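# What the coordinates show
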Amino acid sequence: MRYITAGESHGPQLTAIVDGVPAGLHISEESINADLARRQSGYGRGERQLIEHDRVRIVSGVRFGRTIGAPITLIIENRDWENWTDRMAVFGEAPLDLKRETTPRPGHADLVGALKTDSDDCRNVLERASARETAARVAAAGIARELLADLGVDVFSYVTSIGQAKFIEKDPMLDAPDYKPLEIEISDVRCPNEAAADAMRLEIDKARNLGESLGGTFRVVARGLVAGLGGYASAHERMTGRIGAALFSIPAIKGVEFGLGFEAATLPGSHVHDPIQLDPLFGFTRTSNNAGGLEGGMTTGMPLIVTCAMKPIPTLMTPLGTIELDSLEPAEASKERSDVCAVPACAVVAEGEVAFALANAYLEKFGHDNMADIRANLAAYKQRLKTVSR
Ligand SMILES: Cc1cc2nc3c(=O)[nH]c(=O)nc-3n(C[C@H](O)[C@H](O)[C@H](O)COP(=O)(O)O)c2cc1C
């Protein structure tokens, strides 16, 4: 399964095409809309979210609510487009009073994108580099989430820090899979701990008052995975690389850790590796999950737990210094309408990327033509794993 997205931040619409989806998969626009709403929400978001009410429209590849084995096209209209029809017109002449973006923001794609594409208007770059694009990704990932749900896998996320405010967990590698997604969803910072959530909101308020922005960290958890997805034999098979690459493709992600992550490098092996045991009901399992559900590039059957770090938003209301591209004189970077903090939203985007990578691993192992065969192959595989454990 592959996806491609198209569309500018202030253009008429965002489009995603998902290719390679098996036939017979139930699809609900409402589930995708719920994910789009989760991506739009969060304490610290900018005014754009008041304008947009993202809704998906599927225009190909689905018939009577089920996939037919053809590419799926998903469309999200940009409601803000009506305010940009002159500045973002597809054809015609640029308006005489067009304000070009010539003061590139440090930390964004503005400067390097303009140099690379030989553009005298950073808007040509930022319209596409904007994380508005991630709405299309979330829609595309909705297809992967439906597939995983059908196969008994759910993917959720929660925020572990914003700026200096941290959710300190006792043993996240064991506890995280038991957090109730509902407690996460009702929190506007996606944090299941009230005290930590309060501290996070305070950090965002402080940043907003200072014209600052903030980043943070979050975890993505996938439960219900079967052991043996991915592979150990060749570099491209390893789920570590596949999930890592998918997460690093999200704008502003600067770190990805699997399980204990960097902490594992500070501990002796006996405190890191997860002892194997045999459970009469579940087969091979582990007494701990410090690996975060991956060993040798494959899923272990324990929950997948990945932690991501997001850098602070580059657009600052107290802007950093830059160079104005016409005069080549020092100037203040531009202030595009912006989020102060988008860590909770980014976590939802990351869920989607993880879901897409996992869905592909299932298709690789259990077939990709139709859901009936995939379900049967998965059931047979699970049965074999159980038999081995008896
Ligand atoms: C969900 C989400 C929302 C974002 N919102 C904004 C925003 O409002 N303003 C902004 O300047 N950057 C925002 N960003 C961050 C930029 O997209 C990102 O910093 C930029 O693309 C450069 O990141 P890179 O250097 O990692 O590619 C957002 C990122 C994500 C994932």
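Preceding block: the structure.
Residues numbered from 1 in each chain as written. Predicted model: local features only at pLDDT ≥ 70, side-chain atom pairs only at ≥ 80, totals over all residues. Heavy atoms only, no water.

Viewed as axis vectors pointing N to C, helix α1 (residues 29-40) and helix α10 (residues 343-366) meet at an angle of 145 degrees, and their least axial separation amounts to 7 Å. The segment α1 lies against α10, with D35, R38 and R39 engaging A345, V348, V349 and E351. (Axes fitted to C-alpha atoms, helices over the stretch in contact; angles between N-to-C directions. Helix = DSSP H or I, 4+ residues; strand = E, 2+ residues; numbered from the N terminus. Contact = heavy atoms within 4.5 Å.)

So, about the sheet that holds strand β15 (residues 304-310). Here we have five strands laid out as an open sheet, ordered β8-β7-β9-β15-β10, and antiparallel in their pairing. On the outer flanks of this sheet lie β8 (165-166) and β10 (253-258), each paired with one strand and no other. For strand β7 (residues 154-162) and β8, the ladder comprises two bridges, and the chain directions are antiparallel. By the bridge assignment for β8, S161 is matched with K166. Across the sheet, helix α8 (residues 194-209) touches β7 and β8, and the angle it forms with β7 is around 60 degrees. (Pairing = 2+ DSSP bridges.)

Two strands pair when backbone bridges link them, and strand β1 (residues 2-6) and strand β2 (residues 13-19) are joined in this way by five bridges, in the antiparallel orientation. Along β2, the bridge assignment pairs I4 with I17. Hairpin connection of β1 to β2: six residues between the antiparallel strands, including G7 at a positive phi of 125 degrees.

Another point: a nonpolar patch on the surface. Residues L111, V112 and L115 make up a contiguous nonpolar surface patch of roughly 300 Å² in combined accessible area. Within the secondary structure layout, V112 lies in helix α3 (residues 110-117). Residue V112 is classed as exposed on the basis of its relative accessible area, which comes to 57%. (Patch = residues over 30% accessible without salt bridge, like charges linked within 9 Å, V, L, I, M, F, W, Y side chains within 5 Å. Areas by Shrake-Rupley, 256 points an atom, 1.4 Å probe, with all protein chains shown as cover. Salt bridge = Lys/Arg side-chain N within 4 Å of Asp/Glu carboxyl O. Buried < 20%, exposed > 50% of the residue type's maximum accessible area, 1.4 Å probe, protein only.)

This paragraph deals with the sheet that holds strand β6 (residues 72-77). Here we have four strands laid out as an open sheet, ordered β1-β2-β6-β3, and antiparallel in their pairing. Single-partner strands in this sheet number two, and they are β1 and β3 (56-60). Direction aside, neighbouring strands of the sheet carry axes that sit 20 degrees apart on average. Where β3 meets β6, four bridges bridge the pair, whose relative direction is antiparallel. Note that in β6 the partner of R57 across the bridge is I75. In this fold α1 packs onto β3 and β6, with an angle of close to 135 degrees to the strand it touches most, β3.

Near the ligand you find 19 residues, and of these A252, K254, K311, T315 and D339 are the closest. Take K254: an N or O atom from its side chain is 2.8 Å from an oxygen atom of the ligand. Side-chain polar atom of K311 to an oxygen atom of the ligand: 2.9 Å apart, as the coordinates give it. Of the residues assigned to the shell around the ligand, the class counts are 11 nonpolar, four polar and four charged. (Near = heavy atom within 4 Å. Polar contact = N/O pair within 3.5 Å; in protein donor to acceptor, adjacent residues only side chain to side chain. Nonpolar A, V, L, I, M, F, W, Y, C, P; charged D, E, K, R; others polar.)

What follows deals with the nonpolar core. Counting 90 residues, the largest nonpolar core has L74, F218, I243 and Y362 as the members making the most contacts within it. Sort the elements by how many residues they give to this core and α10 lands first, with 15 residues. Each residue touching L74, except ones within four places of it in the same chain, is listed here: L14, T15, A16, V18, I32, V56, R57, I58, A139, A140 and I143. (Core = buried A, V, L, I, M, F, W, Y, C linked by side-chain atoms within 4.5 Å.)

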